[in-house]
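# Notes for the structure review
One-letter residues, chain by chain:
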Amino acid sequence: MRKIFLFNLMIGPFSLLFGQEYRPLETFNKDTISYLKYNFIERKDVYIGKELKVVIEDYEIFPFNFSTRRTPLSAPDSKGQSFIYGISLWYHGKRDKHPNGRLYIKFKEPYIDAEEFRKMGPDPDDDRAWALKIGDVIVVDLELKISTI
């Protein structure tokens, strides 16, 4: 009995690490919220401290939609500038049947100048390409907001 206890004590931490592998969207049986919760919230430590492009490469929901999270122009020390401190990746579920999910991703400072970001953009109809333009920023937090229409 004692040997079994010691074995479990030694193996326990490893099972936690191996249990946190990325799972593709198709393994969630069309449950997009569970996909987001498991891969990006329960496993957020995989992404924190990494570049944004790592999150984007794993994100399988299409069409790919994103919006920037900006500081207001009236923020202290803004000098009339607005900065992008994060983005949100979002999708719309089927009306009245599935909730909407929005994955908020916060960046490490220094934040991106919003005007500079606007100038660097590729085709504004390709949200994934826009997001990858800032793919080297460092992720400091991920949060999931769920809503219904």
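Keep in mind the model is a prediction, meaning the values are calculated, not measured.

## Side note on the overall build of the chain
Secondary structure summary: the chain contains six helices and five strands in total. Reading the secondary structure of the chain in the N-to-C direction produces α-α-α-α-β-β-β-β-α-α-β. Counting the 149 residues in the chain, one finds 33% classified as buried. Total accessible area on the chain is roughly 9900 Å²; 55% of this is exposed by carbon and sulfur atoms.

## Quick notes on the pattern of salt bridges
Going through the model one piece at a time under the given rule, you end up with five salt bridges. Notably, a salt bridge pairs Lys53 with Glu51, separated by 3.2 Å at the nearest N-O pair. Judged by relative accessible area, which is 29%, Glu51 ranks as partly exposed. The shortest N-O distance in the salt bridge between Glu115 and Arg118 comes to 2.6 Å. With a gap of three residues between them, Glu115 and Arg118 both fall in helix H5 (residues 114–120), about one helical turn apart. Residue Arg118 is classed as exposed on the basis of its relative accessible area, which comes to 51%.

## Quick look at the packing of aromatic side chains
When we look at a pair of aromatic rings, we describe it by the centre distance and by the angle of the planes. In this structure the tally under the stated criterion is seven aromatic pairs. Judged by centre distance (6.1 Å) and plane angle (45°), the ring pair of Phe28 and Tyr38 falls under tilted. A residue pair is termed long-range when its members are at least 10 positions apart, and Phe28 in the loop between helix H1 (2–18) and helix H2 (32–42) and Tyr38 in helix H2 qualify at ten residues. A relative accessible area of 10% places Phe28 in the buried class. Overall, Tyr38 belongs to the buried group, its relative accessible area being 11%. Considering the side-chain rings of Phe40 and Tyr47, the 5.4 Å spacing of their centres and the 25° angle between planes classify their relative orientation as stacked. Both residues of the pair, Phe40 and Tyr47, belong to the buried class. A cation sits over an aromatic face here: Arg23 above Phe28, 4.1 Å from the ring centre. If you follow Arg23 out to its NZ or CZ, it ends over the ring of Tyr38, 5.2 Å from the centre.

## Describing the environment of Val137
Inspection of the secondary structure assignment puts Val137 in the loop between helix H6 (127–133) and strand S5 (139–147). Residues Val137 and Lys53, spaced 84 residues apart in sequence, show a C-alpha to C-alpha distance of 8.2 Å. Discounting chain neighbours no more than four positions away, the residues touching Val137 are Lys50, Glu51, Leu52, Phe107 and Ile112.

## Examining the pairing of strand S2 (residues 83–91)
For S2, the buried fraction is high: seven of the nine residues fall into the buried class. For strand S1 (residues 65–70) and S2, the ladder comprises six bridges, and the chain directions are antiparallel. Looking at the pairing, Arg69 lines up with Gly86 of S2. Note: S2 against strand S4 (residues 112–113), two bridges, orientation antiparallel. Across the sheet, residue Phe83 finds its bridge partner in S4, namely Asp113.

## Focus on the nonpolar core
The biggest cluster of nonpolar side chains holds 31 residues, and the ones touching the most others in it are Phe40, Leu52, Leu89, Ile105 and Phe107. Mapped onto this core, the elements with two or more residues apiece are H2, helix H4 (52–58), S2, strand S3 (100–107), H5, H6 and S5. In this view, Phe40 contacts Tyr35, Tyr47, Val55, Asp58, Tyr59, Leu103 and Leu142; residues no more than four positions away in its chain are not counted.

Parameters and conventions
- Residues numbered from 1 in each chain as written.
- Predicted model: local features only at pLDDT ≥ 70, side-chain atom pairs only at ≥ 80, totals over all residues.
- Heavy atoms only, no water.
- Helix = DSSP H or I, 4+ residues; strand = E, 2+ residues; numbered from the N terminus.
- Buried < 20%, exposed > 50% of the residue type's maximum accessible area, 1.4 Å probe, protein only.
- Areas by Shrake-Rupley, 256 points an atom, 1.4 Å probe, with all protein chains shown as cover.
- Salt bridge = Lys/Arg side-chain N within 4 Å of Asp/Glu carboxyl O.
- Phe/Tyr/Trp six-rings, centres within 6.5 Å; stacked < 30°, edge-to-face > 60°.
- Lys NZ or Arg CZ within 6 Å of the ring centre and 35° of its normal.
- Contact = heavy atoms within 4.5 Å.
- Pairing = 2+ DSSP bridges.
- Core = buried A, V, L, I, M, F, W, Y, C linked by side-chain atoms within 4.5 Å.

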